[in-house]
Amino acid sequence: AQTVTQSQPEMSVQEAETVTLSCTYDTSENNYYLFWYKQPPSRQMILVIRQEAYKQQNATENRFSVNFQKAAKSFSLKISDSQLGDTAMYFCALSPGYSSASKIIFGSGTRLSIRP
Amino acid sequence: DVKVTQSSRYLVKRTGEKVFLECVQDMDHENMFWYRQDPGLGLRLIYFSYDVKMKEKGDIPEGYSVSREKKERFSLILESASTNQTSMYLCASRTPGQGNGELFFGEGSRLTVL
């Protein structure tokens with residue numbers, strides 16, 4: 001069975017601070033992909049960052065970076081210099097296997113609030 | 001710009017009614033998905049389709065069916081709506097190729113069943 005667990009239902013930080021969102025997963029596949037998606041209030045879900053399991057180097061996208069610990073099955077998202085526009089629901093997701101024709105499993109989400 | 005369009009943003013239906021949720025994408029993607037989003041539960045996969053007329057059950061298919069007659073359109077059907085199907089429904093399509101393909105989501109359809 002494939003599972004994704006986000007243990008932080010809500011987080012709140014001050015603008016400009018750094019925040020880390022946690023995610024653990026489980027899969028029996030040797031190859032898989034991990035994602036973080038962002039859902040701003042009343043807006044569409046968008047991709048923040050993705051990581052291939054076979055790559056040891058952690059992915060980065062501007063202020064967003066991940067800490068991928070394969071042995072621990074952990075995939076956390078770090079947001080540096082947080083901005084008001086980062087306020088959103090964040091979902092960690094797992095795509096097992098090699099193909100895009102496979103299900104993507106999502107976690108329960110973390111509601112992140114950035115305070116001015 | 002990529003576009004996934006869900007036909008209805010808000011619907012109110014009565015118990016026992018048949019409900020159709022339509023989703024159209026303009027990116028020529030083979031893979032399309034229907035998720036249900038509930039607070040505290042995240043997104044749960046109902047069905048997905050990897051080609052025209054092809055479908056696979058997700059984690060919570062009970063009470064739902066789908067139709068994919070054309071590549072760009074993926075419909076979710078509630079044969080007999082029940083109150084426990086009150087939820088936000090999200091459609092997505094996915095870039096093809098390897099498993100790192102990105103999901104593109106619609107704006108969601110919020111369904112209330114009375």
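Right above here is the structure, for reference.
Quick caveat: nothing in here was measured; it's all calculated off a predicted structure.

Moving on, we come to the side chain of Q85 of chain B. Relative to the helices and strands, Q85 of chain B resides in the loop between β9 (73–78) and β10 (87–94). Assessed through its relative accessible area of 4%, Q85 of chain B is described here as buried.

What follows deals with the environment of S65 of chain B. Residue and element names in this part refer to chain B. By the secondary structure assignment, S65 is in strand β8 (residues 64–70). A residue is classified by how much of its surface remains accessible, and S65, at 17% relative accessible area, is buried. Expressed as a C-alpha distance, the spacing of S65 and R94, which sit 29 residues apart in the sequence, is 20 Å. In this structure, S65 is in contact with Y47, S75, L76, I77 and E79, ignoring residues within four places of it in sequence. Side chain to side chain, S65 and E79 meet in a polar contact 3.3 Å long.

For the rest of this paragraph, the subject is the pattern of salt bridges. Where charged atoms from two side chains of opposite charge approach closely, those side chains can pair. The full count for this structure, using the stated rule, is 12 salt bridges over all chains. Linking K55 of chain A and E52 of chain A is a salt bridge whose minimum nitrogen-to-oxygen distance equals 4.0 Å. Taking relative accessible area as the criterion, K55 of chain A reaches 40% and is therefore assigned partly exposed. Salt bridges here are not isolated pairs; linked through shared partners, they connect D28, E30 and K71 of chain B.

Here the focus is the state of the cysteines. Inspection of the entire model under this criterion finds two disulfides over all chains. Between the sulfur atoms of C23 of chain A and its disulfide mate C92 of chain A the distance is 2.0 Å. Disulfide C23 of chain A-C92 of chain A: torsion about the S-S bond near -70°, hence left-handed. With C23 of chain A in the loop between β3 (19–21) and β4 (24–26) and C92 of chain A in strand β10 (residues 88–96), this residue pair connects regions lying 69 residues apart in the sequence. With relative accessibility at 0%, the residue C92 of chain A sits in the buried group. A disulfide bridge connects C23 of chain B with C91 of chain B, and the sulfur atoms are separated by 1.9 Å. Note on the C23 of chain B and C91 of chain B pair: the S-S dihedral is about -75°, so by sign convention the disulfide is left-handed. Here C91 of chain B lies in strand β10 and C23 of chain B lies in strand β4 (residues 23–25), a separation of 68 residues in the sequence.

Residues and elements named next belong to chain A. Position of K38 relative to the elements: it lies in strand β5 (residues 32–39). The buried charged residue K38 lacks any salt bridge partner; its closest oppositely charged side chain belongs to D86, at an N-O distance of 4.2 Å. At 2.9 Å, the side chain of K38 and the backbone oxygen of G85 are in polar contact. Setting aside residues up to four positions removed in sequence, K38 forms contacts with Q44, M45, I46, V48, G85, D86, A88, M89 and Y90.

Cut-off values and rules
Think of each chain on its own: its residues are numbered from 1, step by step along the sequence as written. A letter from A marks each chain and a number from 1 marks each ligand, given out in the order of writing. Predicted model: local features are reported for residues with pLDDT of at least 70 only, side-chain atom pairs are reported and counted for 80 or more only, and whole-chain, interface and lining totals are derived from all residues. The side-chain numbers reported here are obtained from all heavy atoms of the structure, hydrogens and water having been left aside. The helix and strand labels rest on DSSP assignments: H or I over at least four residues marks a helix, E over at least two residues marks a strand, and numbering proceeds from the N terminus. Exposure categories follow from relative accessible area, calculated using a 1.4 Å probe and restricted to protein chains: below 20% of the type maximum is buried, above 50% is exposed, and the middle band is partly exposed. Whether two residues are in contact is decided by their heavy atoms: any pair within 4.5 Å suffices. Polar contact is defined as a pair of N or O atoms within 3.5 Å, subject to the rule that within protein one atom must be able to donate a hydrogen and the other to accept it, and that residues adjacent in sequence are counted only when both atoms are side-chain atoms. When a carboxyl oxygen of Asp or Glu is within 4 Å of a side-chain nitrogen of Lys or Arg, the pair counts as a salt bridge. Any two cysteine sulfur atoms lying within 2.5 Å of each other are counted as a disulfide. Think of it this way: Lys and Arg go in the positive column, Asp and Glu in the negative one, and His and the chain ends go nowhere.

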